[in-house]
Amino acid sequence: MTGAETEDDVPLGERKTVTDFCYLLDKSKQLFNGLRDLPQYGHKQWQSYFGRTFDVYTKLWKFQQQHRQVLDTRYGLKRWQIGEVASKIGQLYYHYYLRTSETSYLNEAFSFYSAIRQRSYYFQVNKEDRPELVVKKLRYYARYIVVCLLLNKMDLVKVLVKELSEEIEDYTQRFNTEDQLEWNLVLQEVAAFVEADPVVVVNDNNSVVITSNRLEDGSVPPLEQGMVVGQLVLADALIIGNCNNQVKFSELTIDMFRMLQALEREPVNLATQTSKQGTLEPNEKPTKRENPHKYLLYKPTFSQLFTFLSASFKELPANSVLLVYLSATGVFPTGHSEYEAGPYDFGGVLTNTNRDVVNGETVQKKNQALKEMHCLHPGDLFPFTRKPLFIIVDSSNSTAYKNFTNLFGQPLVCLLSPAVYPKSVPDQAQRGSLFTLFLYSPLLAFSSVCGLNSMRRGLWERAQEFLRKVFRDIGQMITRSRTIDQAFLQFFGDEFLRLLLIRFVFCSAALRLHKLFRESRSFPESYPELPKHDTVESSILQKHILELAAMLDVQSLFWDDSLEAY
């Protein structure tokens, strides 16, 4: 109770209101803190706990709205405390998105984060001499920026970064804290993230056009009528990022960020809207939108990676596919095996060493015959080929994964990045891999490899429309080929995998025609191999690529056999 009032002076109803509010507030904090103890993997264990947490926060939010005046006078409720509740609800929705991969939840998180800023809930924090409150505000900004990045609200991100920069400056001047460098690093990371796209699309007035690369209705070439393909559905995906020096923000490298969007549909807006009274309502039951469930693993150790792989494998439903995307530094074999080369003799990709305490590591360094243990070898994935497995490896040692054997006869495909890029092509690796860029936005990647750094909106839209036709033709090449491995067709029924396969073929064909890409190690490869004549070296596809190059006025960068013949 506030001021000099004794408890007896406060009407019983108002006293009960304060008591009920305190109970809900304590209960919500207790449940929220318990979320971090839930297992990160497994689909079922966490859902009922999340549901209970949502229920309590919904009650708390509505309660403070209905009894705001009493809570203001009798409890001394401050605006930043309301902001804290809204921020926690935003975090709940964001974490629900991470666990379900349903993009609709991002819009829910955005609604709450946006309301905090519009209503200036944290405005008074700067007037209080409490650094921990200012840190809450800074963390809110960082979380809001992550959600805006995932929703491609780049214009807003730039505004928020400017505001966050001013807040950090004010915070460090007032409190002389030790975490100044950490917060400045946050600013640098998000700035690099925003600038990562190598090509910008601009309007006639030179303002930047924000393009989305999530799956939209009509963006996937339809199957031809009567075409028999597999009925498999992409259910689970592990997106792993362990590249040295790649742009990252909030445990998300730029490659991971791009791949997760390539595996999502465009978000739909749900019922969380500002009503006539200006009240936000938490919405607990979004419309079902089928995205594959994803695990995002930033620099995992081998133990963590294997644990998540095993959990995904165990819970994979019937007729479903597990996708493993590896964007990681290559690990090459140290010595030559005396025996016939096996699945542990080619190296693989790096796993993190920081968190694994490994006995015998020093012994291994001395004995060249032993295999690198902080590495995911092709052989490590063999047990998981008992179920349909779709692997994408973006690494300098991607070719290690050509040495696969399909032991169990289940559908299995590996898409492998170039192992080296020509020295004459500017190294953009820090801003994300060219191969992943092709799988995420083929036109962005094609423009980038042609040295373009901006494009007019009208040209971009014409080129995208032309690519839709090209992709329909690639789809028909794959399904009509008489020599293609059946594994490709078994995955072709799923829209996400169909689009990835088509973009992979386009990438392979484009780089084969590009004059700077001469070495075979600079071309993407696959296991099983694609029939080149029907796909990546098809004369029809080559003609399309030259037409696209002409449209963008970069045809001199590509080999044109029809011209070379004269």
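Data block above holds the structure.
This write-up is about the structure you can find in this document.

**A word on the overall build of the protein chain**
A tally of helices and strands in the protein chain yields 18 helices and 12 strands. Here the protein chain holds 566 residues, and 54% of them are scored as buried. For the protein chain, the proportion of contacts with a sequence separation of at least 24, taken over those separated by at least 6, is 76%. Carbon together with sulfur atoms contributes 50% to the accessible area of the protein chain, which is approximately 26,600 Å² in total.

**Topic: the packing of helix α13 (residues 442-449) against helix α16 (residues 495-513)**
Taken N-terminus to C-terminus, the directions of α13 and α16 make an angle of 15 degrees; their axes are 11 Å apart at the nearest point. Comparing their axes, α16 and α13 come out roughly parallel. The two elements α13 and α16 meet at a crossing, and its hand is right-handed. Contacts from Pro442, Phe446 and Val449 in α13 reach Arg503, Phe506, Ala510 and Leu511 in α16. When grouped by side-chain class, the residues that make up the contact of α13 with α16 number 6 nonpolar, no polar and 1 charged.

**Focus: helix α5 (residues 104-118)**
An ideal rise of 1.5 Å per residue puts 21 Å on 15 residues; α5 measures up with 21 Å between its terminal C-alpha atoms. For α5, the buried fraction is high: 13 of the 15 residues fall into the buried class. Phi turns positive, to about 55 degrees, at Ser120, one or two residues after α5.

**Quick notes on the side chain of His544**
The residue His544 is located in helix α17 (residues 539-551) in this model. Ignoring anything within four residues of it in the chain, the contact list for His544 reads Phe466, Lys469, Val470 and Asp473.

**Considerations on the sheet that holds strand β1 (residues 200-202)**
The sheet built from 3 strands is open, its strands ordered β2-β1-β11 with mixed pairing. Looking at the sheet topology across the chains shown, the edges are occupied by β2 (208-209) and β11 (454-456). Looking at chain direction, β1 and β2 are connected through 2 bridges and run antiparallel. Its bridge partner being in β2, Val201 is matched across the sheet by Val209. Against the sheet, helix α14 (residues 457-480) makes contact with β1, β2 and β11, and its axis sits at roughly 85 degrees relative to β11, the strand it touches most.

**A few points about helix α2 (residues 47-66)**
The end-to-end C-alpha distance of α2 is 29 Å, a good match for the 28 Å that 20 residues give at a rise of 1.5 Å each. Buried within α2 are the following residues: Tyr49, Phe50, Thr53, Phe54, Val56, Tyr57, Thr58, Leu60, Trp61, Phe63 and Gln64. Check the buried side of α2 and you find it contacts α1 (12-34), α3 (68-75), α4 (79-100) and α5.

**Some thoughts on a nonpolar patch on the surface**
Residues Val200, Val208 and Ile210 make up a contiguous nonpolar surface patch of roughly 190 Å² in combined accessible area. Tracing the backbone shows Val200 in strand β1.

**Quick look at empty space enclosed by the protein**
If a probe as big as a water molecule is rolled over the atoms, it shows which places are left empty. This model, assessed by the stated rule, comprises 3 cavities of 30 Å³ or more. Its volume calculated, the largest cavity comes out at about 50 Å³. Contributing elements (two or more residues each) for the lining of the largest cavity: α1 and α4. If you tally residues by element for the lining of the largest cavity, the top one is α4, at 3 residues. Class assignment for the residues of the lining of the largest cavity results in 5 nonpolar, 2 polar and no charged. Quantified by volume, the second largest cavity comes out at close to 40 Å³. Residue lining of the second largest cavity: Tyr97, Leu98, Ser101, Leu260, Glu264, Lys294 and Leu296, and that is the complete set. If you list the elements that add at least two residues to the lining of the second largest cavity, you get α4 and β4 (293-298).

**Here's the deal with the sheet that holds β4**
Strands sit in the order β4-β3-β5-β9-β10-β12 across an open sheet of 6 strands; the sheet is mixed. Two strands bound the open sheet, and with one partner strand each, they are β4 and β12 (525-527). Pairwise comparison of adjacent strand axes, ignoring direction, gives a mean angle of 10 degrees for this sheet. Alignment of strand β5 (residues 320-328) against strand β9 (residues 389-394), held across 6 bridges, turns out to be parallel. Counterpart to Leu322 in the pairing with β9 is Leu389. Along the sheet, helix α10 (residues 302-315) contacts β3 (233-242), β4 and β5; its crossing angle with β3, the most-contacted strand, is approximately 175 degrees.

**Points about the layout of surface pockets**
As a volume, the largest pocket reaches approximately 1,500 Å³. Lining the largest pocket are 41 residues, and of these Gln40, Tyr94, His95, Leu98 and Glu251 lie nearest its centre. Contributions of two or more residues to the lining of the largest pocket are made by α4, α6 (131-150), α8 (180-194), β4 and α10. Counted by class, the lining of the largest pocket contains 24 nonpolar, 7 polar and 10 charged residues.

**What to know about the packing of aromatic side chains**
Applying the stated criterion across every chain yields a total of 34 aromatic pairs. Seen in terms of ring centroids, Tyr96 and Tyr105 are 4.6 Å apart; in terms of plane orientation they differ by 80 degrees. Their pairing is edge-to-face. Using a relative accessible area of 14% as the deciding quantity, one classes Tyr96 as buried. Classification of Tyr105 by relative accessible area gives buried; the value is 7%. Geometrically, the ring pair formed by Tyr421 and Phe517 is edge-to-face, given 6.5 Å between the ring centres and 90 degrees between the ring planes. In this pair, Tyr421 is assigned in the loop between β10 (412-416) and α12 (434-440) and Phe517 in the loop between α16 and β12, connecting sequence segments 96 residues apart. The exposure class assigned to Tyr421 is partly exposed, which follows from its relative accessible area of 31%.

**Points about the nonpolar core**
In terms of nonpolar packing, the biggest core is built from 152 residues, with Leu149, Leu323, Phe390, Ile392, Phe446 and Phe506 touching the most fellow members. Counting residues in each nonpolar core, the second largest holds 29 residues, with Ile240, Leu305, Phe382 and Tyr527 among its members.

**Re unusual backbone geometry**
That bond from Tyr527 to Pro528 is cis: its omega, -10 degrees, falls within 30 degrees of zero. On the secondary structure map, Pro528 appears in the loop between β12 and α17. At Asn245, a residue that is not glycine, the phi angle is positive and equals roughly 65 degrees. Checked against the element boundaries, Asn245 lands in the loop between β3 and α9 (254-262).

Parameters at a glance
Residues numbered from 1 in each chain as written. Predicted model: local features only at pLDDT ≥ 70, side-chain atom pairs only at ≥ 80, totals over all residues. Heavy atoms only, no water. Helix = DSSP H or I, 4+ residues; strand = E, 2+ residues; numbered from the N terminus. Buried < 20%, exposed > 50% of the residue type's maximum accessible area, 1.4 Å probe, protein only. Contact = heavy atoms within 4.5 Å. Areas by Shrake-Rupley, 256 points an atom, 1.4 Å probe, with all protein chains shown as cover. Axes fitted to C-alpha atoms, helices over the stretch in contact; angles between N-to-C directions. Parallel < 35°, antiparallel > 145°, perpendicular 65-115°, else oblique. Left-handed = near helix turned anticlockwise from the far one by under 90°. Nonpolar A, V, L, I, M, F, W, Y, C, P; charged D, E, K, R; others polar. Expected span 1.5 Å × (residues − 1). Pairing = 2+ DSSP bridges. Patch = residues over 30% accessible without salt bridge, like charges linked within 9 Å, V, L, I, M, F, W, Y side chains within 5 Å. Salt bridge = Lys/Arg side-chain N within 4 Å of Asp/Glu carboxyl O. 1 Å grid on protein atoms, 1.4 Å probe; cavity = no way out; pocket = protein on both sides within 12 Å on 5 of 7 lines; lining within 4 Å. Points joined across faces, edges and corners; volume = space filled by probe spheres on them. Phe/Tyr/Trp six-rings, centres within 6.5 Å; stacked < 30°, edge-to-face > 60°. Core = buried A, V, L, I, M, F, W, Y, C linked by side-chain atoms within 4.5 Å.

Without other data, these values stay purely geometric and don't point to any function.
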